[in-house]
Amino acid sequence: MTTHTDIRTGDPTGLHRVLDDRTVLPQAAQRLDTRAELWPDEVRVRVERLNLDAASFRQLEGKHDHDGDAVRAEVLDIVATRGKMQNPETGSGGMLVGTVEEVGPQSPLGLQVGDRVATLVSLTLTPLVIEDGLAEWDGRSEQVPCDGHAVLFGRSIAAVIPDDLDPALSLSVMDVCGAPALTARVVREYVARGKEPVVAVIGGAGKSGSLSLAAAREAGAARTIGVVPHQGEHDLLTGAGIADAVTIADARDPIALRDAVTAAGGPADVTVVCVDVPGCEGGAILATAEGGTVIFFSMATSFSAAALGAEGLAADVRMLVGNGYVPGHAAYAMELLRADAGVRGLFERRL
């Protein structure tokens, strides 16, 4: 048994793992303690696969001009230096799949040794050790085969992977499961007030985007609009049948985005931003009706640009930060995947 016995419990937020000189939460820390020995409320997971955040992977890929070896080397350096996977440029990380190998006696997570789980908290706050040098990863995809260990805290979240789905598929879904859950919550708020909203999803053919479209329809949206950047994704999303309208626009061009959403049946009462490129804030605001809601799920979002942009446009819109957690979000996302062949097809194409 490797659990600490001289300390009653670790802090449930993981503060006891922070190695910085000042008191910060693990996500803001420069370095975390990655020792395998557990505090009583912790869980250790044998890591099988990482799923890098899309914005982080895109940045690394661009920085190294698609050189997979260089991308792999930088990921290894980040984890070795910081004790966690947190891209210093984007600030984002991702999540992981693995098998529980030890559970502290005071852990509140309800996990058991042998459970195969996906973590629903970011790699930016998860102590992580990579032991295989990422030898099985070519550095060219967001999903990273990996052998190592990670530690979950008392307030971490993990979901047991369902037996009926490919673990890689489960990981892809759980990586973005906060987006459809919050989208559904917002749409249901409108419906409860007697209004069936028009919902536009920017990046509708992606993982979070396709699930958000399915969630909006399931929750009672009057019309769903998927916005994509080019004809290839237009054809994919149209074929999936999960949007009432699909339109092509560069989300970084605010006028083009506004006009495309309007022509497709907008302006939107709810606009969901799921693209992983910066500069989409102004267009999302302009595409949204007065009194409407913009949900930002992209880690590439500049929240200062969003706030100042709305002020400068005199736009009366509610803006929400998708924080990745809504109670029951993993189970809800899995239900959407199982129920909608179009969504599942889009996900399986990415594996």
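Rules used in this analysis
Residues numbered from 1 in each chain as written. Predicted model: local features only at pLDDT ≥ 70, side-chain atom pairs only at ≥ 80, totals over all residues. Heavy atoms only, no water. Helix = DSSP H or I, 4+ residues; strand = E, 2+ residues; numbered from the N terminus. Rg over C-alpha atoms; globule rule 2.2 N^0.38 Å. Contact = heavy atoms within 4.5 Å. Areas by Shrake-Rupley, 256 points an atom, 1.4 Å probe, with all protein chains shown as cover. Lys, Arg positive; Asp, Glu negative; His and termini not counted. Charge placed at Lys NZ, Arg CZ, Asp CG, Glu CD. Phe/Tyr/Trp six-rings, centres within 6.5 Å; stacked < 30°, edge-to-face > 60°. Buried < 20%, exposed > 50% of the residue type's maximum accessible area, 1.4 Å probe, protein only. Lys NZ or Arg CZ within 6 Å of the ring centre and 35° of its normal. Axes fitted to C-alpha atoms, helices over the stretch in contact; angles between N-to-C directions. Parallel < 35°, antiparallel > 145°, perpendicular 65-115°, else oblique. Arc of directions from axis to C-beta. Polar contact = N/O pair within 3.5 Å; in protein donor to acceptor, adjacent residues only side chain to side chain. Left-handed = near helix turned anticlockwise from the far one by under 90°. Nonpolar A, V, L, I, M, F, W, Y, C, P; charged D, E, K, R; others polar. Pairing = 2+ DSSP bridges. pLDDT = per-residue confidence, 0-100. Salt bridge = Lys/Arg side-chain N within 4 Å of Asp/Glu carboxyl O.

## Remarks on the overall build of the chain
Assigned secondary structure in the chain consists of 11 helices and 12 strands. Taken over the C-alpha trace, the chain has a radius of gyration of 20 Å; the compact-globule value for 351 residues is 20 Å, and the two agree within 12%. Structurally, the chain occupies a C-alpha span of about 65 × 45 × 40 Å along its principal axes. The long-range share in the chain, meaning contacts at least 24 apart out of those at least 6 apart in sequence, stands at 71%. Accessible surface, the chain as shown: approximately 14,400 Å² in total, 49% of it carbon and sulfur. Both charge centroids of the chain, one from 30 positive and one from 48 negative side chains, sit 2 Å from each other.

## Some thoughts on the packing of aromatic side chains
For the structure on display, the rule yields one aromatic pair. Look at Phe296 and Phe303: their rings are 6.4 Å apart centre to centre, the planes differ by 85 degrees, and that puts the pair in the edge-to-face class. Judged by its relative accessible area of 2%, Phe296 is buried. Taking relative accessible area as the criterion, Phe303 reaches 37% and is therefore assigned partly exposed. Looking at Arg193, its charged tip hangs above the ring of Tyr190, at a distance of 4.7 Å from the centre.

## Points about the environment of Ala305
Secondary-structure assignment places Ala305 in helix α9 (residues 303–312). On the accessibility criterion, Ala305 (32% relative accessible area) is partly exposed. Once the C-alpha coordinates of Ala305 and Gly282 are considered, the two residues, 23 residues apart in sequence, prove to be 7.9 Å apart.

## Let's talk about the packing of helix α4 (residues 178–192) against helix α10 (residues 329–339)
For the pair α4 and α10, interaxial distance at closest approach is 8 Å and the crossing angle is 90 degrees. If you check the angle between α4 and α10, you find them roughly perpendicular. Note on element contacts: α10 touches α4 through His329, Tyr332, Ala333 and Leu336, opposite Gly178, Pro180, Ala181, Ala184 and Arg188.

## Let's talk about helix α11 (residues 341–350)
Along α11, the residues that are buried comprise Gly342, Val343, Leu346 and Phe347. End-on view of α11: buried residues confined to an arc of 135 degrees, all on one side of the axis. Of the exposed residues in α11, those oriented more than 90 degrees away from the buried face are Ala341 and Arg349. Looking at the buried residues of α11, the elements they touch are α3 (167–175), α5 (207–219), α6 (231–240) and α10. Sitting at the head of α11, Asp340 places a side-chain oxygen 2.9 Å from the backbone nitrogen of Gly342.

## Quick look at the packing of α4 against α5
Relative orientation of the contacting elements α4 and α5 amounts to 30 degrees, with a least axis distance of 8 Å. By the angle between their axes, α4 is roughly parallel relative to α5. The interaxial crossing formed by α4 with α5 has right-handed handedness. Touching Ala179, Pro180, Thr183, Ala184, Val187, Arg188 and Val191 of α4 are Ser208, Leu211, Ser212, Ala215, Ala216, Glu218 and Ala219, all from α5. Of the residues assigned to the contact of α4 with α5, the class counts are nine nonpolar, three polar and two charged.

## Comments concerning the side chain of Thr119
Here Thr119 is to be found in strand β3 (residues 116–119). Note on Thr119: relative accessible area 1%, which makes it buried.

## Some points on the sheet that holds strand β9 (residues 245–248)
With respect to topology, six strands assemble into an open sheet ordered β9-β8-β7-β10-β11-β12, the strand pairing being parallel. With partners counted over all chains shown, the strands left at the sheet margins are β9 and β12 (318–321), one partner each. Direction aside, the axes of adjacent strands within the sheet are offset by 20 degrees on average. Sheet strands touched by α6: β8 (223–228) and β9. Its angle to β9, the strand with the most contacts, is close to 175 degrees. Most of the contacts of helix α7 (residues 254–263) go to β8, to which it runs at about 145 degrees, and overall it touches β7 (198–202), β8, β9 and β10 (268–273).

## Examining the confidence of the model for the chain
When pLDDT is averaged across the chain, the result is 93; 97% of the residues are at 70 or more. Confidence drops under a pLDDT of 50 for residues 1–8, and excluding neighbours within four residues, the segment shows 23 contacts in the predicted structure.

## Structural notes on the environment of Leu128
Relative to the helices and strands, Leu128 resides in strand β4 (residues 128–130). On a C-alpha basis, the gap between Leu128 and Arg82 in space is 9.0 Å, while along the polypeptide they are 46 residues apart.

## A closer look at the side chain of His16
Checked against the element boundaries, His16 lands in the segment before β1 (43–52). Here Asp11 takes part through its backbone nitrogen, which lies 2.9 Å from a polar atom of the side chain of His16. Non-local contacts of His16, meaning those with residues more than four positions away in its chain, are made with Gly10, Asp11, Trp39 and Glu42.

## Some details on the pattern of salt bridges
When the charged atoms of two side chains with opposite charge come close together, those side chains can pair. Evaluated as defined, the whole model comprises 22 salt bridges. As a salt-bridge pair, Glu74 and Lys63 come within 3.2 Å of each other at their nearest N and O atoms. Residue Glu74 is located in helix α2 (residues 68–82), and its partner Lys63 is located in helix α1 (residues 54–63); the two are separated by 11 residues in the primary sequence. Measuring nitrogen to oxygen at the nearest pair gives 2.8 Å for the salt bridge that ties Asp69 to Arg72. Of this pair, Asp69 and Arg72 both sit in helix α2, three residues apart, which is roughly one turn of that helix. The structure contains a network of salt bridges with shared partners spanning Arg44, Arg46, Glu101, Glu102, Glu131 and Asp147.

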